[in-house]
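# Survey of secondary and tertiary structure
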Amino acid sequence: MADFEIPSISVPIEIPTLNRDAMKHSSPFIAAPKHQEALGFPGELVDDWQSKAIDKFGELLSKSRALQVYMDSCVKCGACTDKCHYFLGTGDPKNMPVARQDLMRKVYRRNFTLAGKLVPWLVGAEDLTEEVLDDWYTYFHQCSQCRRCSVYCPYGIDTAEISMAAREIMDHIGKGQKYCNEILGKVHVIGNNLGLPEKALAHTLEDLEEDIEDETGVTVKLPLNQKGVDILLVTPSADFFAEPHVDGLIGYAKVFHQAGVSWTISSYASEAANFAMFIGSVEQMTLVAERIRKAAQDLGVKRIVFGECGHAWRVAYSFMNTLVGPFDFLDPDYPVPQHICEFTYDLIEAGALTLDKSANDHMTLTFHDSCNVARGSRMGNKPGGQFEIPRAIIKACCNNFVDMAADTIKEGTFCCGGGGGLLTDDLIEIRTKGASPRMRALKEVVEEQGVTHMAAICAICKSQFSKVMPSYGFSMDQIVSVHQLVSNAIVLDGQVVDDAENDVVTTAKNTDSNGDIATA
């Protein structure tokens, strides 16, 4: 049982009663010196931290015109106040996006505006004191950088960018977060967030091959470090070990197999996630992205396909070419990068996959739009593809699909509550409370439409929901991967069908080694 009060989801969303400092006690573990120093940050709070923090703040302002605009343009209209899932779940006014921004804005005004230097009391300017720094550390780690507030802000102020900047400043003065920084250290040394070495990864993939053959009677390979293949799959490391993630990985493998394409995973870059985005460090983001580029070059692949990971897709789609491009060594006939949903959707549209919808008839599905996909990227060749393509895949694999309320999905989707570097048990209270708006929307379609499961295409979302759904009366297995549904429905060439005759069936169409349609 949780040792804190779980928000009620039995009533429509209401603006909560203000509960000042309700979450002041909730902050993540501070990074140990070894986790800081491995990333080039000070091991502990430096002696002259105030001046170094202001210097770093000034550097960020000089590099980012957007950050300066965000500091200057807020008019306190209040449009964002009830858009944050953490404010809705806690009532703490410092979890209003505008109030969280003001923790940084008041320091900006004191140090970078004339009025703030001359008459600070008149313009809400304050020095960066130890108390203010503590508020930064607490409340900027109660922001999942979901960007929902920016959708409703008339000036487009992006609290995520402000949160990233604050975290970067804190890292540079020796007050970083253990969770993100420890994970980044593992990626730099081993290649994935889990610290999973090559031998363990190889054994895991072999075990999954056996599982697929036991299930289908078909030999489906999950290759590792294969040179000269068509596709490098870069997927979140959660796909290698945990439910429901691993079921999605099995789905990718079946799709690649049925498409007739050659592919591989790289042990050097066995991680799609890039937690450096959460701490706002362009330098660290570049180092992580460079591993993917190097793996693609070393293996001589034609294209890079990303698995189901929300922020990984945002980094790949929005930043990777700027950070480590150009990718002119890849085949220009394919998107750079490409999402696994785009790959599967194209095959479905071409009629290249046989899908038995009845295999998912034990479920009635809804879909959770993950924040970084919904508000930070796109799929396909038209606006809104990031909303339509995953739903089209689900509908191609399932007979029963229901969307949640319109104001809780797509561009206005509510965050899972665990993104932005918050997916750690030392923040379980804010994670659980922040999930309440999504849980309320889910409860509505469960009760009114008979929904039994919610699908997602983000590793963090799936991990978060598995953890917090039981607190709201759901079971942890009610969250599923989109490609888990594909895995259930897809009929492979030569697959043994579990019926009375134990027949062997073959799909009507197949594809050649380039993934192009070929008549069987």
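The rules behind the values
- Residues numbered from 1 in each chain as written.
- Predicted model: local features only at pLDDT ≥ 70, side-chain atom pairs only at ≥ 80, totals over all residues.
- Heavy atoms only, no water.
- Helix = DSSP H or I, 4+ residues; strand = E, 2+ residues; numbered from the N terminus.
- Contact = heavy atoms within 4.5 Å.
- Areas by Shrake-Rupley, 256 points an atom, 1.4 Å probe, with all protein chains shown as cover.
- pLDDT = per-residue confidence, 0-100.
- Axes fitted to C-alpha atoms, helices over the stretch in contact; angles between N-to-C directions.
- Parallel < 35°, antiparallel > 145°, perpendicular 65-115°, else oblique.
- Left-handed = near helix turned anticlockwise from the far one by under 90°.
- Buried < 20%, exposed > 50% of the residue type's maximum accessible area, 1.4 Å probe, protein only.
- Polar contact = N/O pair within 3.5 Å; in protein donor to acceptor, adjacent residues only side chain to side chain.
- Domains from an automatic or database assignment.
- Buried area = accessible area lost by both parts, 1.4 Å probe.
- Nonpolar A, V, L, I, M, F, W, Y, C, P; charged D, E, K, R; others polar.
- Patch = residues over 30% accessible without salt bridge, like charges linked within 9 Å, V, L, I, M, F, W, Y side chains within 5 Å.
- Salt bridge = Lys/Arg side-chain N within 4 Å of Asp/Glu carboxyl O.
- Lys, Arg positive; Asp, Glu negative; His and termini not counted.
- Charge placed at Lys NZ, Arg CZ, Asp CG, Glu CD.
- Pairing = 2+ DSSP bridges.
- Right-handed = clockwise from strand over helix to strand, strands pointing away.
- Phe/Tyr/Trp six-rings, centres within 6.5 Å; stacked < 30°, edge-to-face > 60°.

## Comments concerning the overall build of the chain
In terms of helices and strands, the chain carries 22 helices and 11 strands. Once the C-alpha set of the chain is aligned to its principal axes, its extents read approximately 85 × 50 × 40 Å. The long-range share in the chain, meaning contacts at least 24 apart out of those at least 6 apart in sequence, stands at 79%. By element, 50% of the accessible surface of the chain is carried by carbon and sulfur atoms, the whole surface being about 20300 Å².

## Regarding the confidence of the model for the chain
The predicted model of the chain averages 94 in pLDDT, with 95% of residues at 70 or higher. Counted against residues more than four places away or in other chains, residues 500-520, with its pLDDT under 50, gives 59 contacts.

## Here we look at the packing of helix H18 (residues 385-397) against helix H22 (residues 482-489)
Where H18 contacts H22, the two axes come as close as 9 Å, and the packing angle between them is 30°. When the interaxial angle is binned, H18 and H22 end up roughly parallel. With respect to the hand of their crossing, H18 and H22 are arranged in left-handed fashion. Facing Ile393, Ile394 and Cys397 of H18, the residues of H22 in contact are Val482, Leu485, Val486 and Ala489.

## Remarks on the side chain of Ser466
Considering the arrangement of structural elements, one finds Ser466 in helix H21 (residues 459-468). Assessed through its relative accessible area of 11%, Ser466 is described here as buried. Only 2.9 Å separates the side chain of Ser466 from the backbone oxygen of Lys462, close enough to count as a polar contact. Non-local contacts of Ser466, meaning those with residues more than four positions away in its chain, are made with Glu243, Pro244, Met476 and Ile479.

## Some remarks on H21
Within H21, eight of the 10 residues are buried, leaving the element largely enclosed by the surrounding structure. Listed as buried for H21 are Ala459, Ile460, Cys461, Lys462, Gln464, Phe465, Ser466 and Val468. Where H21 is buried, its residues contact helix H13 (245-259), helix H15 (310-324), helix H19 (428-434), helix H20 (436-449), strand E6 (453-456) and strand E7 (479-481).

## Brief notes about the domain arrangement of the chain
Taken domain by domain, the chain comprises domain 1 (33-176) and domain 2 (185-402 + 451-505). For domain 1 versus domain 2, the distance between C-alpha centres works out to 34 Å. In this complex, domain 1 contributes 12 residues to the contact, which on the side of domain 2 involves 13 residues. Both sides together, the interface formed by domain 1 and domain 2 hides about 1200 Å², and carbon and sulfur atoms give 48% of it.

## Section: the packing of H13 against H22
Contact geometry of H13 with H22 gives a least axis separation of 7 Å together with a crossing angle of 55°. Here H22 runs oblique to H13, going by the angle between their axes. Crossing of H13 against H22: the hand is left-handed. When H13 is examined against H22, the residues Asp247, Gly248, Ile250, Gly251, Tyr252, Lys254 and Val255 are found in contact with a partner set consisting of His483, Gln484, Val486 and Ser487. In the contact of H13 with H22, the residues fall into four nonpolar, five polar and two charged.

## Considerations on a negative patch on the surface
A grouping of Glu206, Asp207, Glu210, Asp211, Glu213 and Asp214 is seen on the molecular surface, where their side chains present a negatively charged patch. The topology assignment puts Asp214 in helix H12 (residues 198-216). Under the relative-accessibility criterion, Asp214 is labelled exposed at 67%.

## A look at the pairing of strand E3 (residues 303-306)
Burial along E3 is two-sided: the face carrying Arg303 and Val305 and the face carrying Ile304 and Phe306 are both buried. Sheet topology places strand E1 (residues 231-234) next to E3; four bridges connect them, and they run parallel. Residue pairing across strands places Leu233 opposite Val305, the latter belonging to E3. Sheet topology places E3 next to strand E4 (residues 338-339); two bridges connect them, and they run parallel. When the sheet's bridge partners are listed, Phe306 is paired in E4 with His339. In this view, the connection linking E3 to its parallel neighbour E4 by way of H15 has right-handed handedness.

## Notes on the packing of aromatic side chains
In the structure shown here, the tally under the stated rule is 11 aromatic pairs. For the pair Phe57 and Phe112, a centre-to-centre distance of 5.3 Å together with 65° between the ring planes defines the contact as edge-to-face. In this pair, Phe57 is assigned in helix H2 (residues 49-63) and Phe112 in helix H5 (residues 97-112), connecting sequence segments 55 residues apart. A ring pair is formed by Phe256 and Trp263, whose centres lie 4.9 Å apart and whose planes are at 40°; its orientation type is tilted.

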